[in-house]
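What follows is each chain in one-letter form.
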Amino acid sequence: RKSCEPALKLLLISLNRHDPRIPVVVFYPPADREFLDWIQTLNFENILVRATGPRGAYGWNVKPHAMLELLNEDNYEILWIDSDVLVTKNVFVAIGELEDTTLVVTEEALQSQDETGAIRARLWGFPVKREFQFPLNSGVMRVTREHAPLLVRWKELLESPKYQDAQRQPMNMRPRHMFSDQDVLTALLSSEEFHDIPVKILRRGYDIIQYYEQMGFTVAE
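Residues numbered from 1 in each chain as written. Predicted model: local features only at pLDDT ≥ 70, side-chain atom pairs only at ≥ 80, totals over all residues. Heavy atoms only, no water.

(A) Molecular detail of the sheet that holds strand S5 (residues 136–144). In space, the four strands of this open sheet follow the order S3-S5-S4-S6, with mixed pairing throughout. Where the open sheet ends on each side, the last strands, each with one partner, are strand S3 (77–81) and strand S6 (199–202). Geometrically, the sheet is characterised by an average inter-axis angle of 20° between neighbouring strands, direction not taken into account. The sheet contact formed by S3 and S5 spans five bridges and is antiparallel. (Pairing = 2+ DSSP bridges. Helix = DSSP H or I, 4+ residues; strand = E, 2+ residues; numbered from the N terminus. Axes fitted to C-alpha atoms, helices over the stretch in contact; angles between N-to-C directions.)

In structure tokens, the structure reads:
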């Protein structure tokens, strides 16, 4: 949305400050000439703005679509960052050296930590093989080609009629397991099908600040 452009600019400024060599792809359908001219004032060595959204994506349900699009273009490793995020150091240095099979996600903010007994996977009807202490947040993700099957399955569920019906409901009426894209991802990673994917979680208050409402960034953090 055009109203999100200030946040997007702040993200790009912070990325540029810490590593202008990192190749950046910006999915931003409302991009206009003024925005494209502003991009030229940054000193990224490799940045591409796509004014067409990934096919089949809608609302905030865009992540598997966008990452699969990039993987299909011979990229091997992708770091997804939401447009309301700021970085404070080189992002790949912050994540660290990882095996190709390791997926990176973040911990959900404190007020939404309601994942007892892998409830999201159970509500989807998936056999449970792993339980997380909290729901996973997809605001920052690292994937490789090793994760393509997970992304394909995630995309299928986000395009399913029952999930899309849930997205038409007011947010306070949506089922827990279909509240947003990241609830579906939490369910999949808890399921028998994808429980063997190694997951590195960026922890709130240490690796990432989830500054979201009253409990997003606590006094203890």
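(B) Just the pattern of salt bridges, in detail. Taken as a whole, this structure holds 22 salt bridges when the rule is applied. Salt-bridge contacts for Asp32 lead to Lys2; the nearest nitrogen and oxygen are separated by 2.8 Å. Taken together, the residues Asp32 in the loop between strand S1 (24–27) and helix H2 (33–39) and Lys2 in the segment before helix H1 (5–18) connect sequence positions 30 residues apart. On the basis of relative accessible area, Asp32 is assigned to the partly exposed category, the value being 27%. In this structure, Glu221 engages Arg204 in a salt bridge whose closest nitrogen and oxygen atoms are separated by 2.1 Å. Separated by 17 residues along the polypeptide, Glu221 in the segment after S6 and Arg204 in the segment after S6 bring together distant segments of the chain. Look at Arg204 and you get buried, because its relative accessible area is 18%. Among the charged side chains, a salt-bridge network with shared partners connects Asp114, Glu115, Arg120, Arg176 and Asp183. (Salt bridge = Lys/Arg side-chain N within 4 Å of Asp/Glu carboxyl O. Buried < 20%, exposed > 50% of the residue type's maximum accessible area, 1.4 Å probe, protein only.)

(C) Highlighting the packing of aromatic side chains. Across all of its chains, the model carries three aromatic pairs by this definition. Judged by centre distance (5.9 Å) and plane angle (10°), the rings of Trp124 and Phe126 are stacked. Taken individually, Trp124 and Phe126 each receive the classification buried, so the pair is uniform in this respect. In textbook terms, an aromatic cluster arises when at least three aromatic residues are bridged by ring pairs, as seen for Tyr28, Phe35 and Trp38. Positioned above the aromatic ring of Phe179, the side-chain terminus of Arg174 is 5.9 Å from the ring centre. (Phe/Tyr/Trp six-rings, centres within 6.5 Å; stacked < 30°, edge-to-face > 60°. Lys NZ or Arg CZ within 6 Å of the ring centre and 35° of its normal.)

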